[in-house]
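A structural walkthrough
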Amino acid sequence: MDTSTFTHFSRAGHEDVLRRLAPQGLVLIPDTVNTEIEAGIEAGYDITSPRALDWVEIGVLTMAEADTQLSIKLEMPSGKKDPPEKNLGECAVLACAKHRGMIAVIDDSDARTQASARKLRYIGTIWIIVEAHKHLDDVDAEQLYRALLETDMHLPHADSFVGWAQKKGFLPLAD
């Protein structure tokens, strides 16, 4: 899972949704992503440390994964003024997905392009909200969506998430 998904769900107070929808209730956070999350905590953001959650595993990249991470990084768009560590988290997530046969949780469009080019399975926050609506009876998708927007997460703006998701074909139309 990439930084933005984890941190926004944590800041919104809904990180348990991630656990409940994860295969076997386990989320892998690559060590590169964990470093980014911990930097956010040190900067004062109200984020739960992944190390404090028994359903999160911090994954140290193998040599093969690190090579793949750098290979993907070389193909990610970047500007002359971008720091060298830009996109390393997304690239680590994709490397783990490739080598460990996992599903990448990413929202960044450039990372999604790289995942598609490599035929890697991925999902994003919209998918998580939709699945929470479908499968978690005690989670209100509208409330979850609004809570994530309040963290300044980049999501489509709609009066109703469920209505928007129905129009987009992510949820069946109501009878």
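Quick summary incoming for the structure in this document. (Residues numbered from 1 in each chain as written. Predicted model: local features only at pLDDT ≥ 70, side-chain atom pairs only at ≥ 80, totals over all residues. Heavy atoms only, no water.)

So, the packing of helix α1 (residues 3–11) against helix α3 (residues 31–42)
For clarity, the cut-off: A fitted line through C-alpha atoms serves as each axis, taken over the contacting stretch for helices, and the angle formed by two N-to-C directions is quoted from 0 to 180°. Helix and strand labels come from DSSP, where a helix needs a run of H or I of at least four residues and a strand needs a run of E of at least two; each type is numbered from the N terminus. We call two directions roughly parallel when the angle between them is under 35 degrees, roughly antiparallel when it is over 145, roughly perpendicular when it lies between 65 and 115, and oblique otherwise. In this scheme the handedness of a crossing depends on how the near helix is turned from the far one: anticlockwise by less than a right angle means left-handed, clockwise means right-handed. What makes two residues a contact is simply this: any of their non-hydrogen atoms within 4.5 Å.
Following both chains from N to C, one finds α1 and α3 inclined at 40°, their axes separated by 9 Å at the closest point. When the axes of α1 and α3 are compared, the pair comes out oblique. Pair α1 / α3 crosses with right-handed handedness. Across the interface between the two elements, T3, F6 and T7 from α1 touch V33, E36 and I37 from α3.

Here's the deal with the nonpolar core
Under the convention used in this document: What we call a nonpolar core is a set of buried Ala, Val, Leu, Ile, Met, Phe, Trp, Tyr and Cys residues that are connected through their side-chain atoms within 4.5 Å. Each residue gets one of three labels from its accessible area relative to the maximum for its type: buried under 20%, exposed over 50%, partly exposed in between, using a 1.4 Å probe on protein chains only.
In terms of nonpolar packing, the biggest core is built from 48 residues, with F6, V17, I29, L94, L144, L148 and F161 touching the most fellow members. Among residues more than four places away in sequence, those in contact with L94 are I72, A104, I106, A111, Q114, A115 and L120.

Side note on helix α9 (residues 161–168)
For α9, the full list of buried residues reads F161, V162, W164, A165 and Q166. Taken from the residues just after α9, G169 is the one with a positive phi, measuring 85°.

A look at unusual backbone geometry
Phi at Q24 is positive, roughly 55°, even though this residue is not glycine. Relative to the assigned elements, Q24 resides in the loop between α2 (15–21) and β1 (27–30). Phi angles above zero are rare outside glycine, and D152 is one such case at about 70°. On the secondary structure map, D152 appears in the loop between α8 (141–150) and α9.

Section: the environment of L120
Looking at the secondary structure, you find L120 in the loop between α6 (109–117) and β4 (122–123). The exposure class assigned to L120 is buried, which follows from its relative accessible area of 13%. Linking L120 and A104, residues 16 residues apart in sequence, is a C-alpha distance of 7.6 Å. Once you skip the residues sitting within four places of it in the chain, L120 turns out to touch L94, A97, K98 and A115.

Observations regarding the packing of aromatic side chains
Where we set the bar: Note on aromatic pairs: the rings of Phe, Tyr and Trp (six-membered ring only in Trp) are paired at centre separations within 6.5 Å, and the planes decide the class, stacked below 30 degrees, edge-to-face beyond 60, tilted for the rest.
Tallying each qualifying case throughout the model produces three aromatic pairs. The interplanar angle of 35° and the centroid separation of 5.3 Å between the aromatic rings of Y145 and F161 together place this pair among those described as tilted. One end of the pair, Y145, is in helix α8; the other, F161, is in helix α9, with 16 residues separating them in the sequence. Overall, F161 belongs to the buried group, its relative accessible area being 1%. On the numbers, 5.8 Å between centres and 35° between planes, the contact of F161 with W164 is tilted. Within this pair, F161 and its partner W164 are both found in helix α9, separated by three residues, close to a single helical turn. Like W164, F161 is buried.

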